[in-house]
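Chain by chain, the residues run as shown.
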Amino acid sequence: MDSLRLTYCGNVHAAPDLPAVVAGLRAHAGPVAAAARAAGRTFGVGAWWPDELATALANDAAARDRLAATLRELDLPLWTLNVFPFGGFHDAVVKTSVYRPDWADEDRLRYTRTCAEVAATLVPAGTVLPLSTLPLGYRAPGAPPADLRMMARNLARCASAFAAIEQRTGVRCVLAIEPEPLCLLETVAATADFLERWLFDEAAWTTVPAAALRRHLGVCVDLCHLAVVGEDPIGALTDLVARGIEVPKIQVSSCLEVREPAGLDALLAFAEGRYLHQTVGADGTRALDLPDVAAARPSFAAAGRVRSHYHVPLFWDQDGALGSTQREVVRVLRWLALQPRPMPLLEVETYTWHVLGDFAGDAPLHERLARELAWVHAQIAADSRGATSVSSFAR
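As a starting point, this report considers the structure included with it.

Conventions used here
Residues numbered from 1 in each chain as written. Predicted model: local features only at pLDDT ≥ 70, side-chain atom pairs only at ≥ 80, totals over all residues. Heavy atoms only, no water. Helix = DSSP H or I, 4+ residues; strand = E, 2+ residues; numbered from the N terminus. Buried < 20%, exposed > 50% of the residue type's maximum accessible area, 1.4 Å probe, protein only. Pairing = 2+ DSSP bridges. Axes fitted to C-alpha atoms, helices over the stretch in contact; angles between N-to-C directions. Contact = heavy atoms within 4.5 Å. Phe/Tyr/Trp six-rings, centres within 6.5 Å; stacked < 30°, edge-to-face > 60°. Lys NZ or Arg CZ within 6 Å of the ring centre and 35° of its normal. Expected span 1.5 Å × (residues − 1). Parallel < 35°, antiparallel > 145°, perpendicular 65-115°, else oblique. Left-handed = near helix turned anticlockwise from the far one by under 90°. Nonpolar A, V, L, I, M, F, W, Y, C, P; charged D, E, K, R; others polar.

This paragraph deals with unusual backbone geometry. Omega for the peptide link from Arg-100 to Pro-101 comes to -10 degrees, which places this bond in the cis form. By secondary structure assignment, the location of Pro-101 is in the loop between strand S3 (78-82) and helix H4 (106-120). For Leu-136, which is not glycine, the phi dihedral falls at a positive 75 degrees. Inspection of the secondary structure puts Leu-136 in the loop between strand S4 (128-133) and helix H5 (148-169).

Of all seven residues that make up strand S11 (residues 306-312), seven are buried, and the element is covered over most of its length. The side-chain alternation of S11 yields two buried faces, one formed by Val-306, Ser-308, Tyr-310 and Val-312 and the other by Arg-307, His-309 and His-311. With four bridges joining them, strand S8 (residues 254-258) and S11 adopt antiparallel strand pairing. By the bridge assignment for S11, Val-258 is matched with Val-306. Alignment of strand S9 (residues 279-281) against S11, held across three bridges, turns out to be antiparallel. Residue Gly-281 lies in a different strand from S11, and its bridge partner there is Val-306.

Sheets are built from strands paired through backbone hydrogen bonds, the pairs being either parallel or antiparallel. What the eight strands build is an open sheet, ordered S1-S13-S7-S6-S5-S4-S3-S2; its pairing is parallel. In the strand order of this sheet, the two ends are held by strand S1 (6-8) and strand S2 (45-47), each with one partner. Each strand of the sheet is rotated relative to its neighbour by a mean of 30 degrees, with strand direction disregarded. Here strand S7 (residues 246-252) pairs with strand S13 (residues 345-348) via four bridges, running parallel. Paired with Ile-250 across the bridge in S13 is Leu-346. Running over the sheet, H4 touches S3, S4 and strand S5 (172-177) and is turned about 155 degrees from S4. With respect to the sheet, helix H15 (residues 365-381) is in contact with S1, S7 and S13, its orientation differing from that of S1 by roughly 150 degrees.

Time to look at the packing of aromatic side chains. Inspection of every chain in the model, using the stated rule, returns 14 aromatic pairs. Summarising the aromatic geometry, the rings of Trp-48 and Phe-89 are spaced 6.0 Å apart at their centres and angled 65 degrees between planes, so their arrangement reads as edge-to-face. Note that Trp-48 is positioned in the loop between S2 and helix H2 (51-59) and Phe-89 in the loop between S3 and H4, a separation of 41 residues in sequence. Here Trp-48 and Phe-89 have matching classes, each one buried. On the numbers, 5.0 Å between centres and 75 degrees between planes, the contact of Tyr-275 with Tyr-351 is edge-to-face. Placement of Tyr-275 in the loop between helix H10 (264-268) and S9 and of Tyr-351 in the loop between S13 and helix H14 (353-356) is noted, with a sequence separation of 76 residues between them. Neither residue differs from the other here; Tyr-275 and Tyr-351 are each classed as buried. Counting every residue linked through ring pairs, the aromatic cluster contains Trp-48, Phe-89, Tyr-275 and Tyr-351. Positioned above the aromatic ring of Phe-315, the side-chain terminus of Arg-371 is 3.7 Å from the ring centre.

The end-to-end C-alpha distance of helix H6 (residues 188-200) is 16 Å, clearly below the 18 Å that 13 residues give at a rise of 1.5 Å each. Looking only at H6, the buried set comprises Val-188, Thr-191, Ala-192, Phe-194, Leu-195, Glu-196, Trp-198, Leu-199 and Phe-200. Those residues of H6 that are buried are in contact with H5, S5, helix H7 (210-216), strand S6 (217-222), helix H8 (223-229) and helix H9 (233-243).

With that out of the way, let us pick up the packing of H6 against H9. Running from N to C, H6 and H9 cross one another at 15 degrees; their axes reach a closest spacing of 10 Å. Between H6 and H9, the angle is such that the two are roughly parallel. When the axes of H6 and H9 are compared, the crossing they make is right-handed. Counted together, Val-188, Ala-189, Ala-192, Asp-193 and Glu-196 of H6 and Ala-236, Leu-240 and Arg-243 of H9 form the full contact between these two elements. Of the residues that constitute the contact of H6 with H9, the class distribution is five nonpolar, no polar and three charged.

Right under this line is the structure:
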């Protein structure tokens, strides 16, 4: 337990500029860290810097110094970055724009490299720094197919840049692709297949050493995303280890679950205009967002269990027709606690608090974030003798 790294994802906070980031660290991350330390736990920051801010930090040494000084003052080491949202994550409407630019676009590569360069100046040599990114991209029905070769080329270039950062600074950045429902890579298995076919196997990119590709590219496992598509996370983690693929970060999250048709009305009441809520039934019925579920209601009523990509507080669940996948999260956490080696960094990613309103409480945001972290820690610390025994995922 002493080696446990448990944080929350900073994309829950708007970060248009450095003053906003500093204010967020003081108002939220600082109190969360204080609560963790009071409970005898360590805490580090899970940061999100949109492109405009990352570029400003890269070009302004005084700005980097101010950020570094704030992190030192609040005793907040930088543990990980989310480089999935390029920007505008707190706009009135985000939806599918969160997947732009995709990995075929030079701007995606530039942004990711910039974040890594800045982050490497804020952590000591020897640090392993996970950066989670989008599952290559998204394609709407009828859109031209994705250029997977170009995407793989840009990922290889990113791995090469990360190798250069490590050689220069001693900081090992690992880009972790995060599969998501209805995207180009929906599952961990598909992500592993992509990495092996397009990057790792048979020296697919001869200009970048295979060892560098494997050292700087991996998978971020988001428990909410896997629950929606019905992929078993324990099996997925075990398979990644068997393939020798890095797992630098697990995003601890749960989704909404309709257990019987009577719960569909309650699910549809969660529809909101900012984020995308991909929804999948146990029989394979799919919808890109909750309004599409409403339009196909008879199909979803007959689909069996229905899960929606709507991150809800980890400490919330209820019996009845609508609840969350909390029990699945507990199963995974207790399995992780049984493994013989240190687990990956755990990052709670309930970024939806601002669209949930007072759902699951009206306490200040930092108290709700701290409550989620305490809940995760309690599951890991609990007596897990009854958890499923599976071979270790940690290498």
